[in-house]
Amino acid sequence: MKRSFGSLIVLSLVILLFSACKRNPLKVDISNIETEAEFVRFSDQLFNFEGKDTLVAMADLSNEYPDFFNLFTYRIINIGGIGEDNFPDLIKLFLTDTTIQEVRLKTETVFGNQKKLEKQIKKAFKYFAFHFPDKEIPAVYTYISGFNQSIVTAENLVGISLDKYLGRDCKYYQQLNTTPQYKILNMRPERIIPEMAYAWGITEFENPDIATNLLGNMIQKGKIMYLVDAMLPTTSDSLKIGYTTEQLNWCEMNEVPMWTYLIEKKMLYSNKRMDIVRYINDAPTTSGFPLESPGRTGVWIGWQIVRQYMKKHPEVTLQQLMENNDFQKILNESEYDPG
């Protein structure tokens, strides 16, 4: 049956009104937020010390960024502190390593001068500052780690290992015997900001001693994912959680049977470590669910519960949400019922 031109106009208006009703409440105005994250290209300074003795250059860098320098040498590349006897030899070995030099060139090819990345990071933390005006914004350091930790956090700082985000087809990743394929799929530039936001949320707000059962862990992680929503209001859900489009679609299509399974198997209030790990930790799939399922489905469901709670309670601020650790109350007041 053909529609008349007039009916098409009416249909268009209905779509526009529907879209307006679905406007994202987290897409707030940050144009007046003056707070800005400091962005430090740490590797640029680490590798560029022409005309200086290596140890003198490292001492200068340590004096300029004392907190991060120690984090980098102790925790990230694991060579100890600048005052140790073998430090000069170990740092030279790191800086002159052939693979490290190749990776450095690859990193420059993928990220260029990092201007785009810097802009994205600063924008994400402006959204954070909007919701948490009294909190300090961290300094963000980018560097090459030799394929060590992707994101590290400490008080008032975040570190990003750029060589862990060179793209899923990067030849070096296939040589990392300790890195499973499902993790390699997310080692791409687009995942930097979501992983950074999630790691910062855990650093700032997660208390592992409070969540004692699966439900508590699901909602605690769901709150962190909602914080990611707030920091990245225009980013796709699949990118935020690190799922493929197919995996996200699977979760959406199977939300009811997943929730039903957890209830029927009395999993929600289980405090067994392996029950919690099965649904919360990263994995190629969720044990007990079909092979098509992604890992971390408990996190995804917790995210939907928190979203529903915030939709039902628009008067609740993000700050109030993050301070609320009554996980059962959040579930009850969300009226979550995917059926």
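Everything in this summary refers to the structure shown in the same document. (Residues numbered from 1 in each chain as written. Predicted model: local features only at pLDDT ≥ 70, side-chain atom pairs only at ≥ 80, totals over all residues. Heavy atoms only, no water.)

### Section: the packing of aromatic side chains
Stage number 1. Within the structure shown, the criterion is met by 22 aromatic pairs.
Stage number 2. With centroids separated by 6.4 Å and ring planes inclined at 75°, the aromatic side chains of Phe42 and Tyr141 adopt a geometry described as edge-to-face. Taken together, the residues span a long stretch of sequence, with Phe42 in helix α2 (residues 42-47) and Tyr141 in strand β2 (residues 139-143) at a distance of 99 residues.
Stage number 3. Using a relative accessible area of 0% as the deciding quantity, one classes Phe42 as buried.
Stage number 4. For Tyr141, a relative accessible area of 7% corresponds to the buried category.
Stage number 5. On the basis of an interplanar angle of 75° and a centroid distance of 6.2 Å, the ring pair of Phe125 and Phe128 is categorised as edge-to-face. Residue Phe125 and its partner Phe128 are both found in helix α7 (residues 115-131); the two are separated by 3 residues, about one turn of the helix.
Stage number 6. Judged by relative accessible area, which is 1%, Phe128 ranks as buried.
Stage number 7. By the ring-pair criterion, three or more aromatic residues cluster together here, those being Phe42, Phe47, Tyr65, Phe68, Phe72, Phe94, Tyr141 and Tyr143. (Phe/Tyr/Trp six-rings, centres within 6.5 Å; stacked < 30°, edge-to-face > 60°. Helix = DSSP H or I, 4+ residues; strand = E, 2+ residues; numbered from the N terminus. Buried < 20%, exposed > 50% of the residue type's maximum accessible area, 1.4 Å probe, protein only.)

### Describing the side chain of Lys240
Stage number 1. Relative to the helices and strands, Lys240 is located in helix α11 (residues 237-241).
Stage number 2. Residues in contact with Lys240, not counting those within four places in the same chain, are Arg191, Pro194, Met225, Val228, Asp229, Leu232, Thr235, Trp303 and Arg307. (Contact = heavy atoms within 4.5 Å.)

### What about helix α12 (residues 245-253)?
Stage number 1. The complete set of buried residues in α12 reads Leu248, Trp250 and Cys251. Taken down its axis, α12 places every buried residue within 155° of arc, on the same side. Turned more than 90 degrees away from the buried face of α12, the exposed residues are Glu246 and Met253.
Stage number 2. Of the surrounding secondary structure, the elements contacted by the buried residues of α12 are α11, α13 (255-264) and α15 (297-312). (Arc of directions from axis to C-beta.)

### Some words on the sheet that holds strand β4 (residues 157-161)
Stage number 1. Taken in spatial order, the 4 strands make up an open sheet running β1-β2-β4-β3, and their pairing is mixed. Lying at the two open borders of the sheet, with one neighbouring strand each, are β1 (39-41) and β3 (151-154). With strand direction ignored, the average angle separating the axes of adjacent strands in the sheet is 20°.
Stage number 2. Strands in contact with α7 are β1, β2 and β4; relative to β1, the strand with the most contacts, it is inclined by about 150°.
Stage number 3. Each of β3 and β4 touches helix α9 (residues 192-205); the most contacted strand, β3, lies at about 30° to it. (Pairing = 2+ DSSP bridges. Axes fitted to C-alpha atoms, helices over the stretch in contact; angles between N-to-C directions.)

### Some points on the environment of Gln319
Stage number 1. Considering the arrangement of structural elements, one finds Gln319 in helix α16 (residues 318-323).
Stage number 2. Taking the C-alpha atoms as reference, Gln319 lies 6.7 Å from Phe132; in sequence the two are 187 residues apart.

### Overview of the side chain of Glu255
Stage number 1. By the element assignment, Glu255 lies in helix α13.
Stage number 2. With residues near it in sequence (within four places) discarded, Glu255 still touches Trp300, Gln304, Tyr336 and Pro338.

### Points about unusual backbone geometry
Stage number 1. One non-glycine residue, Phe147, lies in the positive phi region at around 65°.
Stage number 2. Position of Phe147 relative to the elements: it lies in the loop between β2 and β3.
Stage number 3. When its relative accessible area of 17% is taken as the criterion, Phe147 is described as buried.
Stage number 4. Phi angles above zero are rare outside glycine, and Asn156 is one such case at about 65°.
Stage number 5. With respect to the element layout, Asn156 can be found in the loop between β3 and β4.

In short, geometric facts, not functional conclusions.
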